[in-house]
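Descriptive analysis of the structure
As a plain string of letters, each chain reads:
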Amino acid sequence: MLESAALAAHVERVVRDGYTIVNDAIDPALLDALHADLARIEREERVAPGDNIFEGFRTVRIYNLLARGKVYEAIPFHDSVLPIVERVLDSGCLVSSLSSIAIDPGETEQPIHADDQIIPLPRPHPPIVCNTMWAVTDFTKDNGATRLVPGSHKRDSAPPLGEPLETVAAEMRRGSVLVYNGSLWHGGGANVTMSRRIGVAMNYCAGWVRQQENQQLGVPLAIARDFPARLRKLCGFGLYRGLIGHIDKCSPADLLDGGPARPTVGFVKS
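1. Brief notes about the pairing of strand S7 (residues 177-181)
In terms of residue burial, S7 counts as a mostly covered element, since 5 of its 5 residues are buried. Sheet analysis places strand S1 (residues 19-22) next to S7, joined by 4 bridges and oriented antiparallel. What sits directly across from Ile21, in S7, is Leu178. Inspection of the sheet shows strand S4 (residues 129-135) paired to S7 by 5 bridges, in the antiparallel sense. Each residue of the ladder has a partner; that of Trp134, found in S7, is Val177.

The following block contains the structure:
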């Protein structure tokens, strides 16, 4: 768990530079479990590398991880990461997507982009997306560590496609986590080594923004019912500021549990 001074320093770096790295944030046992289960899914589902320049031709991505195993439920509300995200966005933030990104040897650089660039808002704007990359293996400049353009979240445009840009590599040890503003210009690196680079992309959005992956349909309700309360809210089974997301003035959590419905919207709490 982050101490208050460390938390404040991480948030300050995200505000100033657009990103921060939380070193050695994740317990090795959880990393081992993630590594093993991602290999299982890839093998059993015969997941193939991407087939376009953005996803990569030698990069294996597995989406919708919350629907694929209990081990992934610990990721969204990890106490070394979520407190930073909540201060960049707010405590009503949502899980936007949860996926793995394994960059194999021979992969080339991903085009530089901003994760929120498809949202039609003038730039720069207040944070609406805050994303994280968990290092399941070491991230190095040579094996595909994420490339960043520091301070670019403050620019008034999205990155020009294909234009050479000066970047820094987010090198970090296994178990560390990169946290960055969704407006930051970035992209996966080239892997010129003989080893795979594995990361888990845990992405968040503001509570009023549509999620990248539809959590309410992507995660079977039978699975969502067993989620801890905080994870339920992060997936959208709750209300944003007591209003957004309601069903007949009730929280979707009531329907998830099978009722009874408890109207709350419009009621003033004493």
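2. Observations concerning the sheet that holds strand S5 (residues 147-148)
Here we have 3 strands laid out as an open sheet, ordered S6-S5-S8, and antiparallel in their pairing. Edge positions in the sheet fall to strand S6 (168-169) and strand S8 (186-187), since each of these pairs with one other strand and no more. The pairing of S5 with S8 spans 2 bridges and is classified as antiparallel. The residue of S8 that forms the bridge with Arg147 is Gly187.

3. Focus: the environment of His246
Relative to the assigned elements, His246 resides in the loop between helix H6 (229-234) and helix H7 (252-256). Among the residues examined, His246 registers a relative accessible area of 35% and is labelled partly exposed. With 19 residues separating them along the chain, His246 and Val265 place their C-alpha atoms 7.5 Å apart. Not counting chain neighbours up to four residues away, the residues in contact with His246 comprise Leu239 and Val265. There is a polar contact of 2.8 Å between the side chain of His246 and the backbone nitrogen of Lys249.

4. As for the pattern of salt bridges
The final tally for this structure, using the stated rule, is 15 salt bridges. Between Asp17 and Arg16 there is a salt bridge, with the nearest N and O atoms lying 2.9 Å from each other. For Asp17, a relative accessible area of 21% puts it in the partly exposed group. It is possible to trace a salt-bridge network through shared partners that takes in Asp37, Arg40 and Glu44.

5. Overview of helix H2 (residues 28-44)
Three or four residues apart is the spacing at which side chains of an α-helix point the same way, because the helix has 3.6 residues per turn. Across its 17 residues, H2 extends 24 Å between first and last C-alpha, which sits within 8% of the 24 Å expected from 1.5 Å per residue. Taken together, the buried positions of H2 are Leu30, Leu31, Leu34, Asp37, Leu38 and Ile41. When H2 is viewed along its axis, its buried side chains cluster within an angular range of 140° and face the same direction. For H2, exposure combined with an orientation more than 90 degrees from the buried face picks out Ala29, Ala36, Arg43 and Glu44. The backbone nitrogen of Ala29 lies 2.8 Å from a side-chain oxygen of the residue at the head of H2, namely Asp27. Once H2 ends, the next one or two residues include Arg46, with phi positive near 50°.

6. Things to note about the packing of aromatic side chains
Counted under the stated rule, the structure contains 0 aromatic pairs. Geometry around Trp185 places Arg155 over its ring, the cationic atom sitting 4.5 Å from the centre.

7. Concerning the layout of surface pockets
Taken as a whole, the largest pocket encloses approximately 990 Å³ of empty space. Around the largest pocket, the lining is made up of 50 residues, and of these Phe54, Gln110, His113, Asp115 and Gln212 lie nearest the centre. Counting only elements with at least two residues in the lining of the largest pocket, the list comes to strand S2 (59-62), strand S3 (94-103), S4, S8 and strand S9 (197-205). Per element, the largest residue contribution to the lining of the largest pocket is 5 residues, and it comes from S3. Residues of the lining of the largest pocket, tallied by class, amount to 19 nonpolar, 21 polar and 10 charged.

Analysis parameters
- Sequence positions are assigned chain by chain, starting from 1 and proceeding in written order.
- For a predicted model such as this one, the threshold for reporting local features is a pLDDT of at least 70, and the threshold for listing and counting side-chain atom pairs is 80 or more; totals across whole chains, interfaces and linings nevertheless cover every residue.
- With hydrogens and water excluded, all non-hydrogen atoms of the structure serve as input to the side-chain values.
- The buried label goes to any residue with under 20% of its type's maximum accessible area, the exposed label to any with over 50%, and the partly exposed label to all in between, with areas taken from a 1.4 Å probe on protein chains only.
- Helical segments are the DSSP runs of H or I of at least four residues, strand segments are the runs of E of at least two, and each set is numbered from the N terminus.
- Pairing between strands requires that DSSP locate at least two bridges from one strand to the other.
- Residue contacts are counted whenever heavy atoms from the two residues lie within 4.5 Å of one another.
- Polar contact is the term for a pair of N or O atoms within 3.5 Å; when the atoms are in protein, one must be able to donate a hydrogen and the other to accept it, and sequence-neighboring residues count only if both atoms are side-chain atoms.
- We define a salt bridge as a side-chain nitrogen of Lys or Arg found within 4 Å of a carboxyl oxygen belonging to Asp or Glu.
- Given a helix with a known number of residues, its expected span is that number minus one, times 1.5 Å.
- An arc is given here, and it is the one of the directions from the helix axis to the C-beta atoms.
- To pair, rings of Phe, Tyr and Trp, with the six-membered ring standing in for Trp, must have centres within 6.5 Å; the planes then decide the type, stacked if under 30 degrees apart, edge-to-face if over 60, and tilted in the middle.
- For a lysine, the NZ atom is tested; for an arginine, the CZ atom; a charge sits over a ring if that atom is within 6 Å of the ring centre and within 35 degrees of the ring normal.
- Buriedness for pockets is judged along seven lines, at least five of which must meet protein on both sides within 12 Å for an open set on the 1 Å grid over protein atoms alone, while cavities are sets there where a 1.4 Å probe fits but cannot get out, and lining residues have an atom within 4 Å of a point.
- Grid points are joined across faces, edges and corners, and a volume is the space filled by probe spheres set on the points.
- Any residue outside Ala, Val, Leu, Ile, Met, Phe, Trp, Tyr, Cys, Pro, Asp, Glu, Lys and Arg is labelled polar, Gly included; the first ten of those are nonpolar and the last four are charged.

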